Amino acid sequence: MAHELPELGYSFDALEPHIDAKTMEIHHDKHHQAYVNGLNGALEGKEDLEGVSVEALIQNLDKLPADIQTPVRNHGGGHFNHSLFWKVIAPGGASAPSGDLAEAIDSSFGSLDAMKEAFGKAAATRFGSGWAWLMVKEDGSLGVGSTANQDNPLMGDFVGACGCKPILGLDVWEHAYYLNYQNKRPDYISAFWNVVNWDVVAENFSSAKCCGGGCGCS
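By convention here, each chain's residues receive numbers from 1 onward along its written sequence. For a predicted model such as this one, the threshold for reporting local features is a pLDDT of at least 70, and the threshold for listing and counting side-chain atom pairs is 80 or more; totals across whole chains, interfaces and linings nevertheless cover every residue. Derived side-chain values reflect all non-hydrogen atoms in the structure, with water molecules and hydrogen atoms excluded from consideration.

**Some words on the UniProt feature "domain: Manganese/iron superoxide dismutase N-terminal" (unreviewed entry) in the protein**
And step 1. UniProt positions are given in the numbering used here, feature names are shortened, and annotations may be inferred rather than shown by experiment. Sequence positions flagged by UniProt for "domain: Manganese/iron superoxide dismutase N-terminal" (unreviewed entry) are, in local numbering, residues 3–89.
And step 2. Helix numbers and strand numbers start at the N terminus; a helix is a DSSP run of H or I with at least 4 residues, a strand a run of E with at least 2. With 60% helix and 0% strand, residues 3–89 has its two end C-alpha atoms placed 22 Å apart.

**Details of the environment of Asp151**
And step 1. When you line up the elements, Asp151 lands in the loop between β2 (142–148) and β3 (165–171).
And step 2. The class of Asp151 is buried, set by a relative accessible area of 13%.
And step 3. N or O atoms closer than or at 3.5 Å make up a polar contact, with two conditions inside protein: a donor-capable atom paired with an acceptor-capable one, and, for residues adjacent in sequence, both atoms drawn from side chains. Side-chain polar atoms of Asp151 contact the side chain of Arg73, separated by 3.0 Å. Using a 1.4 Å probe on the protein chains alone, a residue whose accessible area is under 20% of its type maximum counts as buried, one over 50% counts as exposed, and one in between counts as partly exposed.

**Focus on the packing of helix α4 (residues 99–109) against helix α5 (residues 112–125)**
And step 1. To get an axis, fit a line to the C-alpha atoms, keeping to the stretch in contact for a helix; angles then go from 0 to 180 degrees between the N-to-C directions. Relative to each other, α4 and α5 sit at 70°, their axes nearing to 8 Å. As far as their axial angle goes, α5 and α4 are roughly perpendicular. Seen from above, α4 lies across α5 with left-handed handedness. Within the contact between the two elements, α4 uses Ile105, Asp106 and Phe109 and α5 uses Leu112, Ala114 and Met115. Angles below 35 degrees are treated as roughly parallel, those above 145 as roughly antiparallel, those between 65 and 115 as roughly perpendicular, and all remaining angles as oblique. Crossing chirality is assigned from the near helix's rotation relative to the far helix, an anticlockwise turn below a right angle marking it left-handed and a clockwise turn marking it right-handed. Throughout, a residue-residue contact means that at least one pair of heavy atoms, one from each residue, lies within 4.5 Å.

**Remarks on the pattern of salt bridges**
And step 1. Any carboxyl oxygen of Asp or Glu within 4 Å of a side-chain nitrogen of Lys or Arg constitutes a salt bridge here. Scanning the entire structure with this criterion turns up three salt bridges.
And step 2. In this structure, the salt-bridge partner of Lys22 is Glu25, at a minimum N-O distance of 3.4 Å. Placement of the pair is Lys22 and Glu25 together in helix α1 (residues 21–43), with a separation of three residues, close to one helical turn.
And step 3. For Glu25, a relative accessible area of 30% puts it in the partly exposed group.
And step 4. Asp151 is the salt-bridge partner of Arg73, the closest N and O atoms lying 3.0 Å from each other. With Arg73 in helix α3 (residues 66–88) and Asp151 in the loop between β2 and β3, the pair connects residues that are 78 residues apart, well separated along the chain.

Laid out in structure tokens, this is it:
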């Protein structure tokens, strides 16, 4: 069963002025579609991998045939990362964390502002293309980190923690922000907090906790 591009679920201009409509259209319809196409191409002819979720694929890269490990890492990672990204920036949710998530942020970082500072540093200092993440660590606490290219915490080897469950991600590839922000990545990072849907992040947090932390959770 081929992987498919998920519906965005809202209009391209829904996040303006923080993320412009043209960037959203190109990012979703062109860039994400290319990752889906690449993943399906890598899996073509591998009948034993049909029906395997993208999460399971990228969590078990070393168990895949050697000739598709890199394309699945790149394209599968891109597919997973963007699928999460569209949801955590979906309009209409809470503009600030509350409940268990807020308590976890305070416990792990001291305050929401401290978490944003740590997350922003991870995003701003990621050299070249990549992602910044808020994730549930193996002990159930929260952490931040960054990954290169289309890697993510499910893959394990990245700056910040190991094998954890991502609950919030920020795409810092230039295609995610260049039309509006050019080379000003810090401005884009700052604007990101205006579009985070904390209801979705809270749902991701709850799901990760139910899996006993992040590691090994699909």
